[in-house]
Amino acid sequence: MDISAIKNSPGMWIASGAMVLVIIVQAVLFMRAAKKEADQLGIPLEKQKEAKRSAVMAAIGPTIALSIMLITLMASLGGPTAWMRMNDVGSGRTELAIASMVGDMVSAEAGTPEWELQNLSYAVWAQGIDVAGWLIGAMVMIVAGSAVTKTLNEKFDPKWIKLLMGGCLVSLFSYLLINQVYGKTLPFIVAAAGGGASMLILNKLFGSNKRLQELSLGISIIVGAVAAAVAA
């Protein structure tokens, strides 16, 4: 039994490709819906283009991180499954953790072809269930969040509600930042400091440069990553 042939078989590519196709179609539908809503709100075409450019640049940093995880997953799951996981992934670290955890649950003798096949099967199922949890959770929270926001805007001053939502975002990202630097080694701290300083400088010194502002988040992510690599 050649486990490598199974991992990279045409059937696995077809099954994984079907999932990736669903994600591509979903992205296209979201883009069309966003364009339609922007036109209805009267947002100028130039502003829409600026938003698209900003989104593309902001995606560069996370894409680099996912590419590294893709290479790591390919060793244990093969090309097709790793490719699919990096497209519908909720958290790259979770996917890597699941791929390593399932080995303890395999009943076959370690090192045998049966063990490798069971390990692959368990990993694919566990990661699929994990992603389903992300999708279902997000769907429920979006529906509930929309209803709560509508109720708050009807009962209270929308300006205060907007400030409240902004405060929630600040709190969320502050928590994520602290979780990444507290008790961690120097590269983690340097990455946060470098990225934050870069964003501050770009916003303060080049606030009037719209094109640079579009690229500011992507630039800051790259600066943080480079700073961490230098400090490592």
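Scroll up to find the structure.
What this report covers is the structure whose coordinates are included nearby. One numbering rule holds for all chains: residues counted from 1, following each sequence as written. Per-residue local features are limited, in this predicted model, to residues with pLDDT of at least 70; the limit for side-chain atom pairs, both in listing and counting, is 80 or more; totals at the level of whole chains, interfaces and linings are taken over all residues. Where side-chain values are given, they derive from all heavy atoms of the structure, hydrogens and water being excluded.

### A few points about the overall build of the protein chain
Piece 1. Segments assigned H or I by DSSP are reported as helices when at least four residues long, segments assigned E as strands when at least two residues long, and all are numbered from the N terminus. Each helix and strand in the protein chain was counted, giving 10 helices and 0 strands.
Piece 2. Starting at the N terminus and ending at the C terminus, the protein chain contains elements arranged as α-α-α-α-α-α-α-α-α-α.
Piece 3. Burial status across the protein chain gives 22% buried among its 232 residues.
Piece 4. Pairs at least 24 residues apart make up 59% of the contacts formed inside the protein chain by residues separated by at least 6 positions.
Piece 5. Of the roughly 15,400 Å² that the protein chain leaves accessible, carbon and sulfur atoms contribute 73%.
Piece 6. One finds the centroid of the 18 positive side-chain charges in the protein chain at a distance of 16 Å from the centroid of its 15 negative side-chain charges. Throughout, exposure labels follow a simple rule: accessible area from a 1.4 Å probe, protein chains only, divided by the maximum for the residue type, with under 20% read as buried, over 50% as exposed, and the rest as partly exposed. What makes two residues a contact is simply this: any of their non-hydrogen atoms within 4.5 Å. Each accessible area value is a Shrake-Rupley result obtained with a 1.4 Å probe; residue values ignore everything except the protein chains displayed when judging cover. Neither His nor the chain ends contribute to the count of charged residues, in which Lys and Arg are positive and Asp and Glu negative. Charged side chains are reduced to one point each, which is NZ for Lys, CZ for Arg, CG for Asp and CD for Glu.

### Overview of helix H7 (residues 113–155)
Owing to its 3.6 residues per turn, the α-helix aligns residues three or four sequence positions apart on the same side.
Piece 1. Over its 43 residues, H7 extends 63 Å from the first C-alpha to the last, a length consistent with the 63 Å expected when each residue adds 1.5 Å.
Piece 2. Considered for burial, the residues of H7 that qualify are Asn 119, Leu 120, Ala 123, Gln 127 and Val 131. Any helix carries an expected span of 1.5 Å times its number of residues minus one.

### Side note on the nonpolar core
Piece 1. Working definition of a nonpolar core: buried Ala, Val, Leu, Ile, Met, Phe, Trp, Tyr and Cys residues. They are joined through side-chain atoms within 4.5 Å. Among the nonpolar cores identified, the biggest contains 11 residues, and these are Ile 3, Met 69, Leu 73, Leu 77, Ala 82, Met 86, Ile 98, Ala 99, Val 102, Leu 120 and Ala 123.
Piece 2. Secondary-structure elements contributing two or more residues to this core are helix H4 (60–77), helix H5 (79–88), helix H6 (92–101) and H7.
Piece 3. Counting residues per element, this core draws most heavily on H4, which supplies 3 residues.

### As for the packing of helix H2 (residues 10–41) against helix H3 (residues 45–58)
Piece 1. Fitted lines through C-alpha atoms give the axes, limited to the stretch in contact for helices. The angle between two N-to-C directions lies from 0 to 180 degrees. For the pair H2 and H3, interaxial distance at closest approach is 10 Å and the crossing angle is 145°. For H2 against H3, the interelement crossing comes out right-handed. Residues Met 31, Lys 35, Ala 38 and Asp 39 of H2 form the contact with H3, whose own contacting residues are Leu 45, Gln 48 and Lys 52.
Piece 2. In this classification, Asp, Glu, Lys and Arg are treated as charged, Ala, Val, Leu, Ile, Met, Phe, Trp, Tyr, Cys and Pro as nonpolar, and every other residue, Gly included, as polar. In the contact of H2 with H3, the residues fall into 3 nonpolar, 1 polar and 3 charged. It is the rotation of the near helix from the far one that decides the hand of a crossing: anticlockwise by less than a right angle makes it left-handed, clockwise makes it right-handed.

### Notes on helix H8 (residues 158–181)
Piece 1. Between the first and last C-alpha of H8 there are 35 Å, a value that for 24 residues agrees with the 34 Å anticipated at 1.5 Å per step.
Piece 2. Polar contact is the term for a pair of N or O atoms within 3.5 Å; when the atoms are in protein, one must be able to donate a hydrogen and the other to accept it, and sequence-neighboring residues count only if both atoms are side-chain atoms. At the N-terminal end of H8, a side-chain oxygen is found 3.0 Å from the backbone nitrogen of Lys 159, two or three residues along, and the residue is Asp 157.
Piece 3. Within two residues after H8, Gly 183 carries a phi angle of roughly 75°, on the positive side.

### Some words on the pattern of salt bridges
Piece 1. What makes a salt bridge here is a side-chain nitrogen of Lys or Arg within 4 Å of a carboxyl oxygen of Asp or Glu, nothing more. One pass over the structure, following the stated rule, counts 2 salt bridges.
Piece 2. Here Asp 39 ties to Lys 35 by a salt bridge, and the two come within 2.8 Å at their closest N and O atoms. Of this pair, Asp 39 and Lys 35 both sit in helix H2, separated by 4 residues, roughly a single helical turn.

### Observations regarding the packing of H2 against H5
When two helices pack together, their arrangement is given by the angle between their axes and by how far apart the axes lie.
Piece 1. Two elements in contact, H2 and H5, have axes separated by 8 Å at closest approach and are oriented at 15°. The orientation of H2 relative to H5 falls into the category roughly parallel. Between H2 and H5 lies a crossing of left-handed hand. Each of Met 12, Trp 13, Ser 16, Gly 17, Met 19, Val 20 and Ile 23 in H2 lies in contact with H5, whose residues at this interface are Gly 79, Pro 80, Thr 81, Trp 83, Met 84, Asn 87 and Asp 88.
Piece 2. Looking at the contact of H2 with H5, its residues break down into 8 nonpolar, 5 polar and 1 charged. With respect to orientation, any angle under 35 degrees is reported as roughly parallel, any angle over 145 as roughly antiparallel, any angle of 65 to 115 as roughly perpendicular, and every other angle as oblique.

### A word on a nonpolar patch on the surface
Piece 1. On the surface, a cluster of nonpolar side chains totalling about 530 Å² of accessible area is made up of Ile 60, Ile 64, Ile 68, Ile 222, Val 226 and Val 230.
Piece 2. Elements represented by at least two residues in the nonpolar patch include exactly H4 and helix H10 (210–231).
Piece 3. By secondary structure assignment, the location of Val 230 is in helix H10.
Piece 4. For Val 230, a relative accessible area of 67% gives the class exposed. Residues enter patches when they are more than 30% accessible in relative terms and free of salt bridges; like-charged ones are connected within 9 Å and nonpolar ones (Val, Leu, Ile, Met, Phe, Trp, Tyr) within 5 Å.

### Quick notes on the environment of Leu 205
Piece 1. You can see Leu 205 is positioned in helix H9 (residues 186–205).
Piece 2. C-alpha separation for the pair Leu 205 and Glu 46, spaced 159 residues apart in sequence, amounts to 23 Å.

### Structural notes on the side chain of Ser 220
Piece 1. Relative to the helices and strands, Ser 220 resides in helix H10.
Piece 2. In terms of polar contacts, Ser 220 uses its side chain to reach the side chain of Ser 198, at 3.4 Å.
Piece 3. Not counting the four nearest positions on each side in its chain, Ser 220 is found in contact with Gly 195, Ser 198, Met 199 and Leu 202.

### Focus: the environment of Thr 63
Piece 1. Mapped onto the elements of the fold, Thr 63 is located in helix H4.
Piece 2. The class of Thr 63 is partly exposed, set by a relative accessible area of 43%.
Piece 3. Put simply, Thr 63 and Trp 125 are 62 residues apart on the chain and 24 Å apart in space, counted from C-alpha to C-alpha.

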